[in-house]
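# A closer look at the structure
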2 protein chains.
Amino acid sequence: MGDNTQRWNELAAQISVDSIRATTAAGSGHPTSSMSMAHLVAVLFADHLRFDVKDPHYRGNDRFVLSKGHAAPGLYAALKAAGAFDDEMLMSLRREGSPLQGHPAPIKEMPWVDVATGSLGQGLAAGLGMALAMQMDHVEARVWVMLGDSEMAEGSVWEAMEATAFHGANNVTAILDMNRLGQRGPTMHGWHGDVFRDRALAFGWNAVQIDGHDVDAIDRAYTGAVADERPTFIVARTQKGHGVSFLQDKEGWHGKAVPADKLDAAIGELGGDRHIRCTPPAPIDVADPAPFTPSSVERPVYDKPIATRKAFGDALAWLAGTDRDVVVLDGEVGNSTYTEEADAVAPDRFVQMYIAEQCMVGVQTGLQAMGKKAFAASFGAFLTRAADQIRMGTVSRADLRLCGSHAGVSIGEDGPSQMAIEDLAMFRALAGSTVLYPSDGPSAVALTERMATLEGISYLRATREATPVLYGADDDFPVGGSKTLASSDHDDVTLVGAGVTLHESLAARDMLAADGITARVIDCYSVKPIDAATLRSALDDTGLLVVVEDHRIEGGLGDAVLDALASTGALTGRVHKLGVTEVPGSATPTELRAWAGIDAAAIAAAARDALGR
Amino acid sequence: MGDNTQRWNELAAQISVDSIRATTAAGSGHPTSSMSMAHLVAVLFADHLRFDVKDPHYRGNDRFVLSKGHAAPGLYAALKAAGAFDDEMLMSLRREGSPLQGHPAPIKEMPWVDVATGSLGQGLAAGLGMALAMQMDHVEARVWVMLGDSEMAEGSVWEAMEATAFHGANNVTAILDMNRLGQRGPTMHGWHGDVFRDRALAFGWNAVQIDGHDVDAIDRAYTGAVADERPTFIVARTQKGHGVSFLQDKEGWHGKAVPADKLDAAIGELGGDRHIRCTPPAPIDVADPAPFTPSSVERPVYDKPIATRKAFGDALAWLAGTDRDVVVLDGEVGNSTYTEEADAVAPDRFVQMYIAEQCMVGVQTGLQAMGKKAFAASFGAFLTRAADQIRMGTVSRADLRLCGSHAGVSIGEDGPSQMAIEDLAMFRALAGSTVLYPSDGPSAVALTERMATLEGISYLRATREATPVLYGADDDFPVGGSKTLASSDHDDVTLVGAGVTLHESLAARDMLAADGITARVIDCYSVKPIDAATLRSALDDTGLLVVVEDHRIEGGLGDAVLDALASTGALTGRVHKLGVTEVPGSATPTELRAWAGIDAAAIAAAARDALGR
């Protein structure tokens, strides 16, 4: 046995021991899933991951993504060995306030983690995003992604497999910890590594199979992965709970800590406690970035009707031309969302993700972890495909800039499969999210510009049809603000709209005026945060709000308005919500707004009815 | 050219002509995507799809799923040729009130469509669900699924590819209409059919490549698919807009109708208008089902604390044992959601979907289309993975019975990646959905029992921890109802909770009582529909509602309460919402509820604060 062999095996044993110690102290966690990858992680951290533990955000660092996030104890044990933190910190696993959460999350005190994992099948796409950021910046670092075999059932993994090969991200290495056992029993394919190898090959990867507890074979596989011109998929046959007789390859131990009375026996079988330190290889030097030449694209200005999706695309092209950090992702609908304009301006920072929304958002999460301002766009309806990735974005503290076009029944003839009518509910419910809904070209430009500087998840809801210009090019649209488009000191009712329903509200105001009813009209372009003070004043002044949205009646603008009003104190007055309550069909936009009861006539009727006039 | 050849080619030409005619009349739609599959559909409908057009729900019918739903005109043209409806109906495509929507939807007047498509990548899983239903019922019918090449980028397709092979659904044939062009340009793999063939083989399928406009080759491929013991994947090389010189294999024609001034030229190139009828082969005879022997599992009864997820599993096992139509799907967490108990009772109606939630819900959609009462369960957090499939379930008018376990921060140490805290928002926003949230064993059983008879999408939110028993085994829990657990004629405040927060509310009531404050407590176990009348009375009686939920503050119980109150007329009083407002970490359930400000102490403090006491 060579020196390296012994060194790696000792480090692996320590990672297993520490995974057991920390989870037993916590009383819960996944030691056996950590032990199956202990040798894979040990060799990686000891001799292949070029990484400065003291400067985890250094641009030249290789990156490690633990896609099988439940094996967090193993990652933390490796980070302890590498000097990221001490044993006391390790033993705080899963305690309140500890940065060592049950699944890895990139909170401030855990800077060695770039993206949150724990919802399976998401790590490879995030890793691809990091790898693409390295390529865009001409940084020859690498990304290593540790996958579990259970998560290979997730389609998101195959989206990422395809995209990694398609985009030539040969700086990605995926390691499959094939330990044969899932949460409740055997996986579909057990130790049939040929299945995974054949699929990886068919998806355009280099693929090798190894014994995942043979450190020399692991070392050779990592060296081979770096040398290959393709991304490499390493199928490593392992044992869950490896090295402890009563855990090894046994069912019934997923997500269970070793009981205290068996702790000594388990550690004893692994050769006892150790205090090994490892120093990962030094990261590569990074050259200063090349000078950046802004494009000549100017901030768009409109004086004629235009679709907000087009204004978004125009604005994004302008931003991409002026900010070298902007990256644009398309879900193969760039001629509908107009992200194709950014492609024309900055093709090296435009990534075509094809129809794979989960991968699109996963890559976006990886890109932003590397400092990119990543925008992604698709039909709002199809962003639901990435709902889990977007949700995990909140745990990753990711800045995800998303545009959903073709909102509402107003798309018309294509029908309900293409209509985003639950999108506001989805984005509003996310921690720290910002939800924006412009009604015209200038507001769409201003809000897209705002998104470039927002933290967290921001969502711009865009409309398919052209809408008239309401605002000037210099008008300000602060997040959390609103615009009152019509107001007097004797308003009978307040109409609250956003996007297309703002225009319907304005038309309703004219109808009501003909009946002698004076309506205030508020543009709630910022659905979250929402302008509670203005809404409260309107309720106090008029006693009646009619809130209208081209969205399901639940979870969207109407609920946001009610929530805002409730937050300002005792409620007095009436709030009448209009929104989509049935499943739409195909028809013209005008017909569908009438059908849904969200057009000008319906708004006016609701106001008249509430006022008894 | 044989008789069949000419007959098939003529029918294909008619399908192309009718696709063009209908879309030009509509002014929008996807003729070229219909034309690429015209020969594939013609041969299928003429001689392979064993289907009684007059009895589309007959159990012995083969089924056809148009996964590439935008090619709806081609499907409708084939249905017209088969006698489902007349040319006048065909020409109503995309008009208001027409059952011929822009993408297929199984509304009452379109009984030849089983599941809605149009969000890409969803048809194969639905087809698998139908095929499994046939197998469960020992019906030797087949499912034919038409896929587009763009949608092969969706991971959901690969989940379904894997599951189809794994479950031995050799009664599934997938046809890939590889027309090389997506929405905005070429697909990733163009006409490199080897890519798709190799992947299908690696995923356990039989695979063949053909010229998709060669009707004899198509006929042979279909015959071969039926004969093979594996599911068969037919890679058909086609041309978008085939048969019309100015459309054929041309970019820029996706989703565009042929302009009126080019209509005659296009139809002329296809040999002019035709009026061919085809009669699909007769379906197989179906034997009467074998007698059913109910299991001896009884309706569960509890008198000790139990987790609602366990009560759900117990109830589901009881239902599976007593109702032969119940089918249970697990996302490889059956030992957490306790669906494993149904597996023990009815293993032939339990389908292990592994960690592939999109496929799970897609299969569920297919199963219910065949009359099964399909329940599916996973962690609530991971049901977000299938958000688009669930959304499409509303368009499919599907009865999807879903249980999401491990709701809220109350799961504790596993941390935020595993916590469902946006699930109520997601499910509430869906058309016609029912959202249920039991607080104890008896209510969980009663509500699970209710789900078996509900239409549309129903969601049961389940808790990880055991909770005390509050109700009797015979208590009734109507959908849309609530339970008032404590009430007097001098209540100072009303506490509204559900699930775990109901128990916190009851504890808060005791705390407040010690301060001389009398609190009413309402269990909103039915979050949607919600008991507006009881909530209104409570607001009128007490003037203050404190609504508390283990969920994000947006879109859940609090918003549902506000919406209900607003719907009952003018608002007078205060509603104070408590919910999760930041991203949680790992800690004990008790610590996390305190952190989130949703525990008894926080509820009592909010009530005292609002009352100024």
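Residues numbered from 1 in each chain as written. Chains lettered and ligands numbered in written order. Predicted model: local features only at pLDDT ≥ 70, side-chain atom pairs only at ≥ 80, totals over all residues. Heavy atoms only, no water.

## Focus: unusual backbone geometry
All names here are of chain A. Looking along the chain, the bond that leaves K528 and enters P529 is cis, with omega of -10°. Position of P529 among the secondary structure elements: in the loop between β17 (526-528) and α20 (532-542). In this structure, R180 takes a positive phi of about 80° despite not being glycine. Among the structural elements, R180 can be located in the loop between β3 (172-178) and α8 (193-202). (Helix = DSSP H or I, 4+ residues; strand = E, 2+ residues; numbered from the N terminus.)

## What to know about the packing of aromatic side chains
Summed over all chains, the structure comprises 25 aromatic pairs over all chains. Ring centres of A:W158 and A:F203 lie 5.0 Å apart, and the angle between their planes is 55°; this geometry places the pair in the tilted category. Here A:F203 lies in the loop between α8 and β4 (206-211) and A:W158 lies in helix α7 (residues 155-166), a separation of 45 residues in the sequence. Like A:W158, the residue A:F203 is buried in the burial classification. Through pairs of rings, three or more aromatic residues link up here, namely A:W158, A:F203, B:W158 and B:F203. In this arrangement the basic side chain of A:R461 is found over the ring face of A:Y437, its NZ or CZ atom lying 4.9 Å from the centre. Above the plane of the ring of B:W144 lies B:R142, whose end atom (NZ or CZ) is 5.7 Å from the centre. (Phe/Tyr/Trp six-rings, centres within 6.5 Å; stacked < 30°, edge-to-face > 60°. Buried < 20%, exposed > 50% of the residue type's maximum accessible area, 1.4 Å probe, protein only. Lys NZ or Arg CZ within 6 Å of the ring centre and 35° of its normal.)

## Here we look at the interface of chain A and chain B
In this complex, chain A contributes 97 residues to the contact, which on the side of chain B involves 97 residues. Summed over both sides, the interface of chain A with chain B buries roughly 8000 Å², with 50% coming from carbon and sulfur. Area buried by chain A at its contact with chain B is led by A:R184, A:M188 and A:R385, which between them contribute 9% of it. Summed over the shared surface of chain A and chain B, the result is 16 salt bridges. The partner of A:R385 in a salt bridge is B:E154, and the shortest N-O contact between them spans 3.7 Å. With seven residues, helix α16 (residues 387-395) of chain A is the largest single contributor of residues to the side of chain A that touches chain B. Tallied by class, residues from the side of chain A that touches chain B come to 33 nonpolar, 36 polar and 28 charged. Across three bridges, strand β19 (residues 571-580) of chain A lies against strand β19 (residues 571-580) of chain B in antiparallel orientation. Considered in β19(B), the bridge of A:G573 is made with B:L571. (Contact = heavy atoms within 4.5 Å. Buried area = accessible area lost by both parts, 1.4 Å probe. Salt bridge = Lys/Arg side-chain N within 4 Å of Asp/Glu carboxyl O. Nonpolar A, V, L, I, M, F, W, Y, C, P; charged D, E, K, R; others polar. Pairing = 2+ DSSP bridges.)

## Focus: the sheet that holds β4(A)
Residues and elements named next belong to chain A. Spatial ordering of the open sheet is given by β1-β2-β3-β5-β4, a layout of five strands whose pairing is parallel. If you trace the sheet from one side to the other, it starts and ends with β1 (63-66) and β4, each paired once. Within the sheet, the average angular offset between the axes of one strand and its neighbour, ignoring direction, is 20°. The pairing of β1 with strand β2 (residues 143-148) spans four bridges and is classified as parallel. Each bridged residue has a counterpart across the sheet, and for L66 the counterpart in β2 is M146. (Axes fitted to C-alpha atoms, helices over the stretch in contact; angles between N-to-C directions.)

## Quick notes on the environment of A:F427
Residues and elements named next belong to chain A. Mapping F427 onto the fold places it in helix α17 (residues 423-428). Measuring from C-alpha to C-alpha, the distance between F427 and R593 comes to 23 Å, with 166 residues separating the pair along the chain. Excluding residues that lie within four positions of it along the chain, F427 makes contacts with L383, I390, L402, S433, V435, I457 and Y459.

## Examining the relation of the copies chain A and chain B
Each copy of the sequence occupies a distinct position, and chain A is placed on chain B by a rotation of 180° and an axial shift of 0.0 Å, giving an RMSD of 0.0 Å. Considering both components of the superposition, the chain copies are consistent with a two-fold axis. Among all residues of chain A, the minimum C-alpha distance to the rotation axis is found for A:G155, at 1.8 Å. Most of the interface of chain A is mirrored in chain B, where 100% of its interface residues again form contacts. (Least-squares fit on C-alpha atoms with pLDDT ≥ 70 in both.)

## Quick look at the nonpolar core
By size, the foremost hydrophobic cluster in this structure holds 171 residues, and its most contacted members are A:F233 and B:F233. If near-sequence neighbours (up to four positions away) are discounted, A:F233 is found in contact with A:L147, A:M152, A:M161, A:A174, A:L176, A:F196, A:A200, A:W205, A:N206, A:A207 and A:V208. (Core = buried A, V, L, I, M, F, W, Y, C linked by side-chain atoms within 4.5 Å.)

## A word on the confidence of the model for chain A
Predicted confidence across chain A gives a mean pLDDT of 97, with 100% of residues reaching 70 or more. Among the prediction metrics, the complex's ipTM stands at 0.98, with pTM recorded as 0.98. (pLDDT = per-residue confidence, 0-100.)

## Overview of helix α20 (residues 532-542) of chain B
What sets the pattern is the α-helix's 3.6 residues per turn: residues three or four places apart point alike. Residue and element names in this part refer to chain B. For α20, the full list of buried residues reads A532, L535, R536, A538, L539 and T542. All buried residues of α20 project into a common sector of 160° when viewed along the axis, lining one side. In this structure, the buried residues of α20 make contact with β15 (493-497), β16 (519-523), β18 (544-552), α21 (557-567) and β19. (Arc of directions from axis to C-beta.)

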